[in-house]
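The primary structure of each chain is shown beneath.
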Amino acid sequence: MAVAWISNREVPLERAAEHAAALLHSSRCPVFSLDTDIHGTRAAIALAERVGASYDHVDGAALARETALITDRGGMFVSPGEVRRRADVVAIVGELPEAHHRFVADLAGTVPDLGGANRREFFLIGDGGRQAPLLGGRKPTRLSCAEGGLGGVLAALRAQCAGRQVSAQVSNFAQFKDALTSARFPVFLFSGFSADGLALEMLQGLLADLNKTLRASGLLLPARESGWGSALASTWMTGFPLRAGFTRGFPEYDPWRFDAGRQLAEGEADLHLWISASGNVPAAGNGGARLIVLAKTTQPFAGADVTLAIGQAGVDHDGVAYSSRTGSLAFVAATAASQRPSAATILRLIAGRIPVEAALPC
C-alpha cells in the first residue's frame with residue numbers, strides 16, 4: 001500500500017519525510033492546520049516550536065469563538081455527568097453539531113435522579129429545527145422572535161427574564177418562565193458551531209442573571225471534539241490555546257494574527273502543513289504557499305508538494321482524544337486496526353530529519 005508521495009510520484013516514506021523536513025526547514029513562515037488526536041497535537045506543536053510555525057485547527061473559527069468565551073469573558077459551566085444527573089430543564093441554544101446529537105437523545109430518554117423531577121422539560125432557543133427529532137418524538141418548546149438571529153433571541157430572552165421591555169416578544173416565554181420558577185437545575189446546551197461571539201456572551205449574561213435567584217449553568221458542547229482536545233493540549237504545553245505560534249522563538253497567542261485561513265489568504269505564510277485523518281481537505285487556493293498534507297488517503301493530494309498517508313485515531317490505531325460525553329480526555333481503541341501510521345509517528349519522523357540541535361520538548 002502506497003503511503004507517501006512527492007508531488008504525484010510515489011516514494012519511500014523516509015524520502016518523503018526528508019523532503020517535508022527540508023521544506024519546513026527552509027520556510028520563513030510556516031503555518032499548521034490541525035485535526036488530530038492528543039498525541040498528534042503534541043507532536044505537531046513540538047514540530048511547530050522547532051521550525052517557528054504558528055498553528056490553528058482546521059475549523060478554527062468556531063473553536064476561536066469557544067476559546068474566546070473562556071479567555072475573554074468566562075462563564076458558568078457544568079460537566080456532562082452533572083447535566084445527566086441533575087438537569088430538569090434543558091435549553092438547546094441554536095444548532096448543535098451532529099457529534100452531540102446522541103447526547104441530547106440520551107437526555108431525552110432519561111430522568112434526572114438528583115433533580116427531583118420525573119421528566120426533563122426541553123426548550124429550543126432560536127433556529128435549531130434539526131434537534132427536534134432527537135428527543136424521541138417529544139417536541140421541545142421553541143423560544144424565538146422575529147429579529148436579530150440567535151443573539152437577538154438571547155438578548156430578548158434575557159431582557160424579558162429581567163422584566164424589561166423588548167421590541168419583539170419571545171414566543172412561549174410564559175411557559176419558559178414557569179419552567180424556570182419550578183426548576184431545580186436548568187442547563188443551557190451551547191456550541192460555537194452556530195453561535196457567534198456575541199450570542200455566547202449574551203448567554204453567559206443570561207446565566208449570570210438567573211443565578212441571582214436560582215441555580216443554572218451551561219454545558220459547552222464543542223464544535224469539534226478534536227479542536228477542543230488540541231486546545232487543551234496546547235494550553236498545557238505552551239500556556240495558550242490554539243491560534244498560537246513560535247514565530248519569534250517563544251510561544252505567543254493571538255487569535256487574529258495566527259488565524260491560519262487569514263494568513264494563507266493574505267499571503268503571509270509560505271508553507272502550509274495540513275494534518276487531518278477525518279476526511280477534511282485543504283480549501284482551494286493556498287495563497288501561493290507550498291503544501292504538505294498528512295491525511296487518510298490512498299493517493300497524492302492535488303497541488304501538494306508532499307502527501308503522507310496517516311491513520312485515524314480510534315479507527316486505524318489507538319489514541320487519546322477529548323470526549324464531550326465525559327468532559328475529559330479518553331482512550332479510544334482502534335475499531336478497524338490497520339498498518340497506517342499515526343499522525344504523531346509521521347510528525348516525529350519529519351522532526352527527526354530537521355537539522356536543529358535543540359531536542360523536541362516532551
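Residues numbered from 1 in each chain as written. Predicted model: local features only at pLDDT ≥ 70, side-chain atom pairs only at ≥ 80, totals over all residues. Heavy atoms only, no water.

Trainee: Before we go on, may I ask you to explain the sheet that holds strand E3 (residues 30-35) in this structure?
Mentor: Pairing between sheet strands relies on hydrogen bonds along the backbone, with the strands arranged either parallel or antiparallel. In space, the 9 strands of this open sheet follow the order E2-E1-E14-E13-E12-E3-E4-E10-E11, with mixed pairing throughout. Among the strands making up the open sheet, the edge pair consists of strand E2 (9-10) and strand E11 (252-253). In the packing of helix H1 (residues 13-26) onto the sheet, contacts are made with strand E1 (4-6), E2, E3, strand E12 (271-276), strand E13 (290-295) and strand E14 (306-309), and the angle to E14 comes to roughly 130°. (Pairing = 2+ DSSP bridges. Helix = DSSP H or I, 4+ residues; strand = E, 2+ residues; numbered from the N terminus. Contact = heavy atoms within 4.5 Å. Axes fitted to C-alpha atoms, helices over the stretch in contact; angles between N-to-C directions.)

Trainee: Can you help me understand the sheet that holds strand E8 (residues 186-190) in this one?
Mentor: Overall, parallel pairing links the 5 strands, which are arranged E7-E6-E5-E8-E9 in an open sheet. Since the sheet does not close on itself, it has two edges, and those belong to strand E7 (141-143) and strand E9 (217-220), each with one partner. The mean angle between the axes of side-by-side strands here comes to 25°, regardless of whether they run parallel or antiparallel. With 3 bridges connecting them, strand E6 (residues 121-125) and E7 associate as parallel partners. Residue pairing for E7: Leu124 is matched across the bridge by Arg142. Those strands touched by helix H6 (residues 149-161) are strand E5 (89-93), E6 and E7, and its axis lies near 125° from that of E6.

Trainee: Just to check I follow, could you spell out a nonpolar patch on the surface for this structure?
Mentor: A grouping of Leu232, Trp236 and Leu329 is seen on the molecular surface, where their side chains present a nonpolar patch of about 270 Å² in accessible area. We classify Leu329 as partly exposed; its relative accessible area is 33%. (Patch = residues over 30% accessible without salt bridge, like charges linked within 9 Å, V, L, I, M, F, W, Y side chains within 5 Å. Areas by Shrake-Rupley, 256 points an atom, 1.4 Å probe, with all protein chains shown as cover. Salt bridge = Lys/Arg side-chain N within 4 Å of Asp/Glu carboxyl O. Buried < 20%, exposed > 50% of the residue type's maximum accessible area, 1.4 Å probe, protein only.)

Trainee: How should I be thinking about the pattern of salt bridges in this particular structure?
Mentor: Pairing is possible between side chains that carry opposite charge, provided their charged atoms lie close to one another. Tallied over the entire structure, the rule returns 16 salt bridges. When the shortest N-O distance is used, the salt bridge between Arg224 and Asp35 registers 2.8 Å. Placement of Arg224 in the loop between E9 and helix H9 (225-238) and of Asp35 in strand E3 is noted, with a sequence separation of 189 residues between them. Here Arg158 and Asp209 are joined by a salt bridge, their closest N and O atoms 2.7 Å apart. Here the residue Arg158 occupies a position in helix H6, and Asp209 occupies one in helix H8 (residues 197-210), the gap between them amounting to 51 residues. Classification of Asp209 as partly exposed rests on a relative accessible area of 23%. A network of salt bridges, in which partner residues are shared, links Asp56, Arg243 and Asp259.

Trainee: Got a minute to help me understand the nonpolar core in this structure?
Mentor: The biggest cluster of nonpolar side chains holds 77 residues, and the ones touching the most others in it are Phe32, Leu47, Ile125, Phe188 and Ile292. With residues up to four places along the chain from it excluded, the contact list for Phe188 reads Ala91, Val93, Ile125, Phe176, Leu203, Leu206, Leu207, Leu210, Ser217, Gly218 and Leu219. (Core = buried A, V, L, I, M, F, W, Y, C linked by side-chain atoms within 4.5 Å.)

Trainee: Looking at this structure, I do not really get the packing of aromatic side chains. What am I missing?
Mentor: Each aromatic ring pair is summarised here by two numbers: the centre-to-centre distance and the angle between the ring planes. Enumeration over the complete set of coordinates arrives at 5 aromatic pairs. Ring geometry for Phe77 and Phe190: centres 6.3 Å apart, planes at 35°, overall tilted. Separated by 113 residues along the polypeptide, Phe77 in the loop between helix H3 (60-73) and helix H4 (80-86) and Phe190 in strand E8 bring together distant segments of the chain. For Phe190, a relative accessible area of 1% translates into the label buried. Taken together, a centroid distance of 6.4 Å and an interplanar angle of 75° make the contact between Phe176 and Phe188 edge-to-face. Taken together, the residues span a long stretch of sequence, with Phe176 in helix H7 (residues 173-182) and Phe188 in strand E8 at a distance of 12 residues. Neither Phe176 nor Phe188 differs from the other in exposure class; each is buried. These aromatic residues form a ring-pair network of at least three members: Phe123, Phe176 and Phe188. For the cation-ring pair, Arg215 lies above Phe185, with the distance from its terminal atom to the ring centre recorded as 4.2 Å. Directly above the aromatic system of Trp256 lies the positively charged group of Arg262, at a separation of 3.9 Å from the ring centroid. (Phe/Tyr/Trp six-rings, centres within 6.5 Å; stacked < 30°, edge-to-face > 60°. Lys NZ or Arg CZ within 6 Å of the ring centre and 35° of its normal.)

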